[in-house]
Every structure is written in structure tokens, then in C-alpha cells.
Amino acid sequence: MRSRRATAPECPAIRPGRSGLRESTLLYMFSITGTLVISAGLVAVTGNSWTRVLGALLDGAFLAPGRWGNTLTVATPMLLVALGMVIGVKAGFFNIGQEGQLLMGALVMSFIGTRLGGPGPLLLLAGLVLGAAAGGGYAAIAAAMRFRRGVPEVISTLLLVFVAFQVVGFAITTDWLLRDLDPSRPSQAVSSAALPESVRLPVITVLGNEFHIGLVVALGAAGIVAFLLLRSVPGFKLRLLGYSPNVAQQAGVAVARAGSTALFLSGAFAGLAGALMLSGGASSARLTAGFSTEIGWQGLLVALVARNRPLVCIPVALVFAALRTGSGFLAATGVDRKVVDVIQALLVLALLMPPAVRFVLERRRAMAGVVGGSHDG
């Protein structure tokens with residue numbers, strides 16, 4: 001009598017065919033349409049026309065003279081921060097302290113540009129490189145705590161943000177560090193001295209719009225990160241580490257070294273963003289207590305909405321930058337700029353909902369297949 005071998009039921013393979021693409025498209029259309037309807041309702045509650053508000057946003061972001069150049073300038077540091085976030089997440093580590101790492105990069109850039117002597121281009125290059133190193137080194141503190149004391153990097157990187165604010169505050173109020181000692185400026189204006197013109201990024205002018213060369217650096221970085229993560233051995237090791245630390249260790253990956261490298265690179269991109277912002281003329285090229293203006297947090301959201309895909313971060317950063325620059329024109333419509341923050345939050349939810357819904361649907365289909373297979377057996 002032949003015995004039957006008991007076998008576990010197999011889960012049906014989920015293939016992203018035409019039906020899956022159609023489903024995703026419909027989900028995104030539904031989510032974005034819902035966001036637009038809710039946003040229009042919020043604007044109506046304020047007693048304004050949504051068409052007028054939309055026109056003001058478009059004018060402020062793209063259509064008014066010189067505005068799209070400003071939008072590209074704002075998108076540049078967001079994109080760099082997002083790329084750093086992508087590297088960390090791909091390796092399985094969640095660095096959410098980009099705001100502090102950005103400040104560290106700007107602080108080093110300010111010190112080199114205002115306190116050291118030498119040729120301007122050399123100081124600019126040194127400030128960018130060491131600013132990135134400062135951001136990476138600041139993130140490395142969290143890496144050391146993670147691998148030596150088991151402190152989750154989510155907690156340590158977040159708490160280090162508040163330390164960074166205090167460090168910057170101390171630097172710009174201390175004479176021998178960064179405080180501006182120019183007697184012609186009012187004493188209550190506490191900030192660093194402005195970077196000399198020779199230590200600022202070259203500006204590109206296209207059709208009356210100006211943006212600094214940092215945009216080219218950010219776009220090139222996006223391409224390099226995408227290539228290295230998908231087509232290189234180090235990138236494969238980082239992705240393997242993010243998939244399973246145990247599997248990565250069995251494959252010969254030094255978990256602590258690879259994880260520390262990922263966190264360092266994540267912080268380095270944020271530090272480079274801060275150095276580029278300062279040398280690109282943000283805040284009149286002066287380091288102030290509120291210099292970061294939440295760019296670090298918004299760059300994190302860019303990576304989240306892009307689902308950690310480096311090249312997708314480019315258009316998402318542009319959308320977030322457009323909301324930020326376009327909100328400056330809302331005063332003429334009588335709408336509070338805080339409405340844009342709400343719309344931005346709704347947009348994030350709209351773009352995150354379809355993947356979450358698809359995940360739930362696919363899990364249900366897989367479970368239904370398992371149950372059906374077990375009943376057939």
C-alpha cells in the first residue's frame with residue numbers, strides 16, 4: 001500500500017500582471033482624488049475658492065517669474081536627505097535624525113567658510129566634504145550606541161536632533177566660534193557671519209530662473225545611489241542586511257560594520273544637504289538657530305512617499321518643494337499657510353494608502369489560497 005506524503009500547501013504566487021497594475025492605478029486615482037476633494041473642502045471652509053488657492057500655489061511654485069528656479073533650489077536638500085534615508089532603510093536601519101545631521105553639516109560649512117582663510121573654491125569644496133563627514137559622524141554616534149549598547153537608532157537619532165539645536169545655539173552665540181562680530185549689525189541678531197561670495201555655490205540661470213549647482217550634485221547622487229544599491233556588491237550586502245541580518249551574517253556580511261556604514265552614509269547625505277543649503281544662500285548664507293526649517297523632516301517624508309526608491313525621490317521632492325514655495329503666495333488669497341501643511345499631510349497619506357491596501361488584499365488572497373488548498377487536500 002503506497003503511503004501518501006503529507007505536504008504543506010503552497011501559497012499562490014502573486015504576479016504583478018495587468019490586473020495588478022490596473023488595481024494599483026485605480027487605488028492611486030481614488031486616493032489622490034479623495035485628497036483633492038478633502039483639500040477643496042478645507043479651503044471652502046476658510047471662505048475661499050479652491051481654484052484661486054490652486055492658482056496661487058502654482059504661481060508661487062512654477063508660473064510666476066523666477067519661481068521654478070526657487071522650487072528646484074528647495075527640492076535639492078530634500079532630495080539629498082531622502083537619498084540618505086533610502087540607504088539606511090534598505091539596510092534595515094531607520095535614521096530619523098536628519099534635521100540634526102543637516103545642522104551639523106551647515107555648522108561645519110559655516111566654520112570653514114567664515115573662520116578659515118584660503119582660496120574660495122578650496123574652502124567651498126572642503127566645507128562640502130567635511131560637512132558631509134560631520135553629518136555622517138553625528139549619525140555614527142547612534143550607530144555606536146546601536147551596536148555597542150543596543151540602543152535603537154530610531155530613539156538615539158531623534159534625541160540627537162535636540163542636542164544639535166543646542167550645539168548650533170551655542171556656536172552662534174559664542175564669539176570664538178561662529179558669532180557674527182560685525183559691529184554694523186544689530187547685537188540682537190544672533191547668527192554666524194555670512195559666507196563670503198567666493199565660498200558660495202555657482203548659480204545656473206535658465207530663462208530667468210536661478211538655481212545653484214547643488215541641484216546637479218543631488219541628481220547625480222540619486223543616479224549613483226540607485227545604481228549602487230541595485231547593481232553593486234556593497235549595495236547587495238546592504239539590501240541583504242535589511243532583508244535578514246541572520247542571513248546576511250551567514251553570507252559573510254559583517255553586520256555591525258555594514259550597519260554602521262549605512263547609518264554613516266545616511267547622515268552624510270543630510271550633512272551634505274545642510275552644507276549645500278548654506279553655501280547656496282539659504283538664510284542669507286548665515287547659520288541661525290532655525291536654519292534647517294524642517295527640511296530634514298520633509299526629506300524623510302519624501303523617502304517615505306517614494307517607498308525608498310532613489311529615482312522616485314526626484315519627482316516626490318519636487319512636489320514637496322512646490323507645496324513649500326507655493327504656500328508663500330497664499331497670503332494674497334487670505335488662506336493661512338498652515339492649510340498647505342494639512343494638504344501635504346493628506347498627500348502623504350494618499351500616496352501611502354494604495355501600497356497598504358494592496359498589501360492587505362494580497363495577504364487575504366494568499367490566505368484564501370492556503371485555506372482552499374488545505375480543504376482540497
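Look above for the structure.
It should be emphasised that the depicted structure is a prediction, and the values quoted were computed from it without experimental measurement.

Enquirer: Please clarify how the overall build of the chain should be interpreted in this entry.
Expert: Each helix and strand counted, the chain has 13 helices and two strands in total. Across the chain, every contact between residues at least 6 apart in sequence was considered, and the portion connecting residues at least 24 apart equals 76%.

Enquirer: Which parts of the structure should I look at to understand the pairing of strand β2 (residues 209-212)?
Expert: Successive residues of a regular strand alternate their side chains across the two faces of the sheet. Note: strand β1 (residues 203-206) against β2, four bridges, orientation antiparallel. For Ile204, the partnering residue across the bridge sits in β2 and is Phe211. Hairpin geometry of β1 and β2 is characterised by an intervening segment of two residues between the two adjacent antiparallel strands and by a positive phi of about 55° at Leu207.

Enquirer: Is there a simple way to think about the nonpolar core in this case?
Expert: In a soluble, globular protein the nonpolar side chains are often hidden away together inside. Within the largest apolar cluster, 90 residues are counted, with the highest numbers of intra-cluster contacts made by Met78, Leu80, Met109, Leu128, Leu287, Phe291 and Val302. Of the residues forming this core, the biggest block, 13 residues, is contributed by helix α10 (residues 255-279). Sequence-distant contacts of Phe291, defined by excluding residues within four places in its chain, comprise Leu102, Leu103, Ala106, Gly274, Met277, Leu278, Ala282, Ser283 and Arg286.

Enquirer: Help me out: how do you make sense of a nonpolar patch on the surface in this one?
Expert: On the surface, a cluster of nonpolar side chains totalling about 550 Å² of accessible area is made up of Trp50, Leu54, Leu58, Phe62, Leu63 and Leu318. Looking at the nonpolar patch, the element that brings in the most residues is helix α2 (residues 50-63), giving five residues. Considering the arrangement of structural elements, one finds Leu54 in helix α2.

Enquirer: Help me understand the pattern of salt bridges in this model?
Expert: Pairs may arise between side chains of opposite charge once their charged atoms sit close together. Tallied over the entire structure, the rule returns three salt bridges. Residues Asp180 and Arg286 are paired through a salt bridge, measuring 2.9 Å at the closest nitrogen-oxygen approach. Of this pair, Asp180 sits in the loop between α6 (153-172) and β1 while Arg286 is found in the loop between α10 and α11 (295-305), placing the two residues 106 residues apart along the sequence. The exposure classification of Asp180 matches that of Arg286, with both residues buried. Salt-bridge contacts for Glu197 lead to Arg200; the nearest nitrogen and oxygen are separated by 3.4 Å. Taking the relative accessible area as the measure of exposure, Arg200 reaches 24% and is therefore partly exposed.

Rules used throughout
- Residues numbered from 1 in each chain as written.
- Predicted model: local features only at pLDDT ≥ 70, side-chain atom pairs only at ≥ 80, totals over all residues.
- Heavy atoms only, no water.
- Helix = DSSP H or I, 4+ residues; strand = E, 2+ residues; numbered from the N terminus.
- Contact = heavy atoms within 4.5 Å.
- Pairing = 2+ DSSP bridges.
- Core = buried A, V, L, I, M, F, W, Y, C linked by side-chain atoms within 4.5 Å.
- Buried < 20%, exposed > 50% of the residue type's maximum accessible area, 1.4 Å probe, protein only.
- Patch = residues over 30% accessible without salt bridge, like charges linked within 9 Å, V, L, I, M, F, W, Y side chains within 5 Å.
- Areas by Shrake-Rupley, 256 points an atom, 1.4 Å probe, with all protein chains shown as cover.
- Salt bridge = Lys/Arg side-chain N within 4 Å of Asp/Glu carboxyl O.

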